[in-house]
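Residues per chain, in single letters:
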Amino acid sequence: MLCSLGYALIVSGDRYLRPWIIPVPEVTFTTRSEEDECLVVASDGLWDVMTNDEVGEIACHLLKRLRRSTLADETSSPPAQAVADHLTDLAYRKNSLDNISIIVVDLKSKIKRQPRQAK
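About the criteria used
- Residues numbered from 1 in each chain as written.
- Predicted model: local features only at pLDDT ≥ 70, side-chain atom pairs only at ≥ 80, totals over all residues.
- Heavy atoms only, no water.
- Helix = DSSP H or I, 4+ residues; strand = E, 2+ residues; numbered from the N terminus.
- Buried < 20%, exposed > 50% of the residue type's maximum accessible area, 1.4 Å probe, protein only.
- Contact = heavy atoms within 4.5 Å.
- pLDDT = per-residue confidence, 0-100.
- Polar contact = N/O pair within 3.5 Å; in protein donor to acceptor, adjacent residues only side chain to side chain.

Chemist: An account of the side chain of Thr88 is needed here, citing residue identities and associated values.
Modeler: By the element assignment, Thr88 lies in helix H3 (residues 79-93). A residue is classified by how much of its surface remains accessible, and Thr88, at 18% relative accessible area, is buried. Ignoring any residue separated from it by four or fewer positions in sequence, one finds Thr88 in contact with Ile100 and Ile102.

Chemist: Any chance you could break down the confidence of the model for the protein for me, citing the residues and the numbers?
Modeler: This prediction gives the protein a mean pLDDT of 80; 68% of its residues lie at or above 70. Looking over the protein, one finds the lowest element-wise mean pLDDT in strand E1 (residues 5-6), namely 41, and the highest in H3, namely 96. Under a pLDDT of 50 for its full length, residues 1-12 has, in the predicted model, 43 contacts with residues more than four places off or in other chains.

Chemist: I'd love a proper account of the side chain of Asp36, names of residues and values included.
Modeler: Here Asp36 is to be found in the loop between strand E2 (26-27) and strand E3 (38-42). Of the polar contacts made by the side chain of Asp36, one reaches the backbone nitrogen of Ser33; its length is 2.8 Å.

Structural data, given as C-alpha cells:
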C-alpha cells in the first residue's frame, strides 16, 4: 500500500512565494493491512511525474524481487533504499522539474533488530 505526503516549506525570507508555495502538507491516511508491502513518502518531484498507482506498483514489484535476491547477498544496499534510488532515477528520466526526495519503508523487512540496552 502507499501513502503520499506532499509538502512545501516557507521560511521567513520566502514570503514572496506564498501565492505559489503553500505551507500546508497534503496528507493521506490509509488503514494498514497484512498485504501492505511498503510505504513511500516523497516530495512533489516524484508525484508530479508519476501517479500513486504507478509508484505503488513499481515499488511493490521491485521490493519483492530485491528481497529475494538480497537474501544471498548481504553486501548490497537494503531493498527499500534500492527502490527509493530507482524511483528517483525514474523521476529524473521523466523530466521532473521539482526537487526529488523519496523515502521507502519496507513494511515486511526481515532485518533482525538489536534489543535496546537498559540505561
